[in-house]
Amino acid sequence: MDTVTYALINGKLAEIANYSTVAAVANVYTIDFANSPVKNVKIETEDSNAKTVVLTNVPTGDAELFIELTYTNAAAIIWFAGITWLSGAAPTFETGKVYRIALFKYGTGWHGNSVGGG
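Let me begin by describing the structure that accompanies this report.

In this section: the sheet that holds strand β9 (residues 109-116). Sheet architecture is open: six strands sit in the order β1-β3-β5-β8-β9-β7, paired in mixed fashion. If you trace the sheet from one side to the other, it starts and ends with β1 (20-21) and β7 (83-85), each paired once. With eight bridges joining them, strand β8 (residues 97-106) and β9 adopt antiparallel strand pairing. From the neighbouring strand, Lys105 faces β9, where its bridge partner is Trp110.

Structure (structure tokens):
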């Protein structure tokens, strides 16, 4: 493997493994996949205004989204359309807790699950 290819692979692996912070702008968390199949983000409810989660540049094939949510303030989270939640409904959250949300896209549909509250 040449040095350039090795550097590109290492850079992509580091990007996949790290969580980037996404701040709400006008009460919208815009999560940009940048055409990568895996995205890890941290979001926090910094006020009690309802927040909408929006995705951009999602790959056409399979994709994975991992969100670490710090639920500091009681704010409704409005998820993008097309998620089938493992529990049958979008998760609810308790103020002051941290949650990990896993979303997987197979074809056109998303499947989600949430754990945490610790």
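Let's shift gears to the layout of surface pockets. In this approach, a probe sized like a water molecule rolls over the atoms, and the result shows the empty space that is left. Here the largest pocket is characterised by a volume of approximately 180 Å³. Lining the largest pocket are 14 residues, and of these Ala23, Ala24, Tyr29, Glu44 and Glu46 lie nearest its centre. Counting only elements with at least two residues in the lining of the largest pocket, the list comes to β3 (38-44) and β5 (63-71). A per-element tally of the lining of the largest pocket places β3 first, with three residues.

A word on the sheet that holds strand β4 (residues 51-56). The strand order β2-β4-β6 describes an open sheet built from three strands, whose pairing is parallel. One side of each edge strand has no neighbouring strand; the edge strands of this open sheet are β2 (28-32) and β6 (77-78). Looking at chain direction, β4 and β6 are connected through two bridges and run parallel. Bridging across to β6, Lys51 finds its partner in Ile77.

With that out of the way, let us pick up the nonpolar core. Within the largest apolar cluster, 23 residues are counted, with the highest numbers of intra-cluster contacts made by Leu65, Ile67, Trp79, Phe93, Ile101, Leu103 and Trp110. Mapped onto this core, the elements with two or more residues apiece are β2, β3, β4, β5, β7 and β8. With five residues, the top contributor of residues to this core is β5. Those residues in contact with Ile67 that sit more than four places away from it in its chain are Ile31, Val41, Ile43, Trp79, Tyr99, Arg100, Ile101 and Leu103.

Below, the discussion takes up unusual backbone geometry. Phi at Ala26 is positive, roughly 55 degrees, even though this residue is not glycine. With relative accessibility at 71%, the residue Ala26 sits in the exposed group. Positive phi, close to 55 degrees, is recorded for Asn57, a residue that is not glycine. Given the relative accessible area of 41%, Asn57 is considered partly exposed.

Before going further, it helps to examine the environment of Ala34. Counting through the fold element by element, Ala34 comes out in the loop between β2 and β3. Through-space distance from the C-alpha of Ala34 to that of Thr56 is 7.6 Å; in sequence the pair is 22 residues apart. Sequence-distant contacts of Ala34, that is, excluding residues within four places in its chain, are made with Thr56 and Asn57.

How each quantity is defined
- Residues numbered from 1 in each chain as written.
- Predicted model: local features only at pLDDT ≥ 70, side-chain atom pairs only at ≥ 80, totals over all residues.
- Heavy atoms only, no water.
- Pairing = 2+ DSSP bridges.
- Helix = DSSP H or I, 4+ residues; strand = E, 2+ residues; numbered from the N terminus.
- 1 Å grid on protein atoms, 1.4 Å probe; cavity = no way out; pocket = protein on both sides within 12 Å on 5 of 7 lines; lining within 4 Å.
- Points joined across faces, edges and corners; volume = space filled by probe spheres on them.
- Core = buried A, V, L, I, M, F, W, Y, C linked by side-chain atoms within 4.5 Å.
- Buried < 20%, exposed > 50% of the residue type's maximum accessible area, 1.4 Å probe, protein only.
- Contact = heavy atoms within 4.5 Å.

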